Amino acid sequence: MKQYLITGYDFTDAGALDRRMAVRPHHLDKGAEMRKTGNYIFGGAILNDEGKMIGSVMVMQFETEEELEAWKMDEPYITQGIWESVDVKPFKVAPMS
C-alpha cells in the first residue's frame, strides 16, 4: 500500500472551532472505519499556542490513488468545510523493531 501524510488546516474565522467540534464525532467515526479497513495508521490535531485545535495530521495508506480520492470525497472535515487547505504527500512510516 502507498502511505500518505495528510495535513489539513482549518478555516480561521470566528466560528471555525465551533464548526470543527460539531463535525468532529463524524470525523472520528470515519477514522475508526478507516482503521478497521487498514487505511488509517495514526493521526491527531494540530494545536495553536492556546492549545486549541487548528488542523489535523493523518497518516493513511491506500492501494490506489482512486481509493485516496474516494476517501477525500467522503472525509467529513473536507466535505463539511472544516479544512481550508489539505496537503497530501507520499510518506513512508519508518519500521521500528
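Residues numbered from 1 in each chain as written. Predicted model: local features only at pLDDT ≥ 70, side-chain atom pairs only at ≥ 80, totals over all residues. Heavy atoms only, no water.

Caption draft 1: Examining the overall build of the protein more closely. Secondary structure summary: the protein contains 3 helices and 4 strands in total. In the protein, the succession of α and β elements from N to C terminus is β-α-β-β-α-α-β. Judged by the C-alpha coordinates and their principal axes, the protein covers about 40 × 30 × 20 Å. Put simply, the protein has 97 residues, and 31% of those count as buried. Sequence-distant contacts in the protein: of pairs separated by 6 or more residues, those separated by 24 or more amount to 68%. Accessible surface for the protein amounts to roughly 6200 Å². Of this, 56% is attributable to carbon and sulfur atoms. The distance from the centre of the 11 positive side-chain charges to the centre of the 16 negative ones in the protein is 4 Å. (Helix = DSSP H or I, 4+ residues; strand = E, 2+ residues; numbered from the N terminus. Buried < 20%, exposed > 50% of the residue type's maximum accessible area, 1.4 Å probe, protein only. Contact = heavy atoms within 4.5 Å. Areas by Shrake-Rupley, 256 points an atom, 1.4 Å probe, with all protein chains shown as cover. Lys, Arg positive; Asp, Glu negative; His and termini not counted. Charge placed at Lys NZ, Arg CZ, Asp CG, Glu CD.)

Caption draft 2: Spotlight on the environment of phenylalanine 11. In this fold, phenylalanine 11 is placed in the loop between strand E1 (2-10) and helix H1 (16-36). A relative accessible area of 31% means that phenylalanine 11 is categorised as partly exposed. The spacing of phenylalanine 11 and serine 85 is 74 residues in sequence and 8.1 Å in space, taken between C-alpha atoms. Every residue in contact with phenylalanine 11, bar those within four places of it in the chain, is listed here: Ala16, Arg19, Gly81, Ile82, Trp83 and Glu84.

Caption draft 3: Layout of the layout of surface pockets. The space that makes up the largest pocket amounts to roughly 200 Å³. Lining the largest pocket we find 16 residues, and of these His27, Leu28, Tyr40, Gly43 and Gly44 sit closest to its centre. It is H1 that provides the largest number of residues to the lining of the largest pocket, a total of 7 residues. When the residues that make up the lining of the largest pocket are grouped by side-chain class, the tally is 8 nonpolar, 5 polar and 3 charged. (1 Å grid on protein atoms, 1.4 Å probe; cavity = no way out; pocket = protein on both sides within 12 Å on 5 of 7 lines; lining within 4 Å. Points joined across faces, edges and corners; volume = space filled by probe spheres on them. Nonpolar A, V, L, I, M, F, W, Y, C, P; charged D, E, K, R; others polar.)

Caption draft 4: How the structure looks around the sheet that holds strand E3 (residues 53-62). As summarised here, the arrangement of the 4 strands in space is E2-E3-E1-E4, forming an open sheet in which the pairing is antiparallel. Looking at which strands have only one partner, the edges of the open sheet turn out to be strand E2 (40-47) and strand E4 (83-91). This sheet shows a mean twist of 15° between the axes of neighbouring strands, independent of strand direction. As judged from the 8 bridges shared by E1 and E3, these two strands associate in the antiparallel manner. For lysine 2, the partnering residue across the bridge sits in E3 and is phenylalanine 62. On top of the sheet, H1 reaches E1, E2, E3 and E4; it is set at about 15° to E3, its chief contact. (Pairing = 2+ DSSP bridges. Axes fitted to C-alpha atoms, helices over the stretch in contact; angles between N-to-C directions.)

Without other data, these values stay purely geometric and don't point to any function.
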